[in-house]
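# Understanding the architecture of this molecule
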Amino acid sequence: MIPRSSEPTAAEASAWADVLIRRRLLQAAGQWLVQDRPEGPLRVLSGPADVVAQAATIQHRNRFTRSESR
């Protein structure tokens with residue numbers, strides 16, 4: 001995966017967040033909240049760009065974990 005050379009624009013990040021919500025990969029409840037594990041603390045993300053960055057981090061972690069288990 002080639003890293004981005006720039007941060008996503010607000011419109012791009014918002015569009016990606018909408019796609020994640022429509023595909024039920026993310027739930028929206030007024031604020032952007034993330035919890036890494038069921039017992040973990042909730043963190044508030046500042047907006048759609050942080051949501052996209054968090055989704056990319058999770059995707060990267062999942063791919064790395066899957067490749068290690070093979």
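Residue positions are given per chain, counting from 1 as you read along its sequence in written order. In view of the model being predicted, local features appear only for residues whose pLDDT reaches at least 70, and side-chain atom pairs are presented and counted only at 80 or more, with totals across whole chains, interfaces and linings using the full set of residues. As a rule here, side-chain values come from all non-hydrogen atoms in the structure, and water together with hydrogens is ignored.

Secondary structure elements follow DSSP: runs of H or I of four or more residues count as helices, runs of E of two or more count as strands, with numbering from the N terminus. Helix and strand counts for the protein stand at two helices and two strands. Counting from the amino terminus, helix and strand elements in the protein follow one another as α-β-β-α. A 1.4 Å probe rolled over the protein chains alone gives each residue an accessible area, and that area as a share of the maximum for its type sets the label: buried under 20%, exposed over 50%, partly exposed in between. Burial analysis of the protein (70 residues in total) assigns 16% to the buried set. When contacts within the protein are restricted to residue pairs at least 6 apart in sequence, long-range pairs at least 24 apart make up 29% of them. Contacts: residue pairs with any heavy atoms within 4.5 Å of one another.

Relative to the assigned elements, Pro-41 resides in the loop between strand 1 (32–34) and strand 2 (43–45). What makes Pro-41 exposed here is its relative accessible area of 59%. Non-local contacts of Pro-41, meaning those with residues more than four positions away in its chain, are made with Val-34 and Gln-35.

This part takes up the confidence of the model for the protein. With 81% of its residues at a pLDDT of at least 70, the protein reaches an overall mean of 77. Looking across the protein, the model is least confident in strand 1, with a mean pLDDT of 77, and most confident in strand 2, with 85. As a per-residue measure, pLDDT tells how confident the predictor is, with possible values from 0 to 100.

Moving on, we get to a nonpolar patch on the surface. A contiguous nonpolar patch, built from Leu-33, Leu-42 and Val-44 and spanning about 280 Å² of accessible area, is present on the exposed surface. Relative accessible area serves as the criterion here: at 41%, Leu-33 is assigned to the partly exposed category. In this analysis, a patch consists of residues with relative accessible area above 30% that form no salt bridge, clustered at 9 Å for like charges and at 5 Å for the nonpolar side chains Val, Leu, Ile, Met, Phe, Trp and Tyr. Reported accessibility uses the Shrake-Rupley method at a 1.4 Å probe radius. Residues are deemed covered only where the shown protein chains occlude them. Salt bridge criterion: a side-chain nitrogen from Lys or Arg within 4 Å of a carboxyl oxygen from Asp or Glu.

Topologically, Ala-53 is positioned in helix 2 (residues 48–69). On the basis of relative accessibility, which here comes to 42%, the residue Ala-53 falls in the partly exposed class. Between the alpha carbons of Ala-53 and Pro-8 there is a distance of 9.1 Å; along the sequence they are 45 residues apart.

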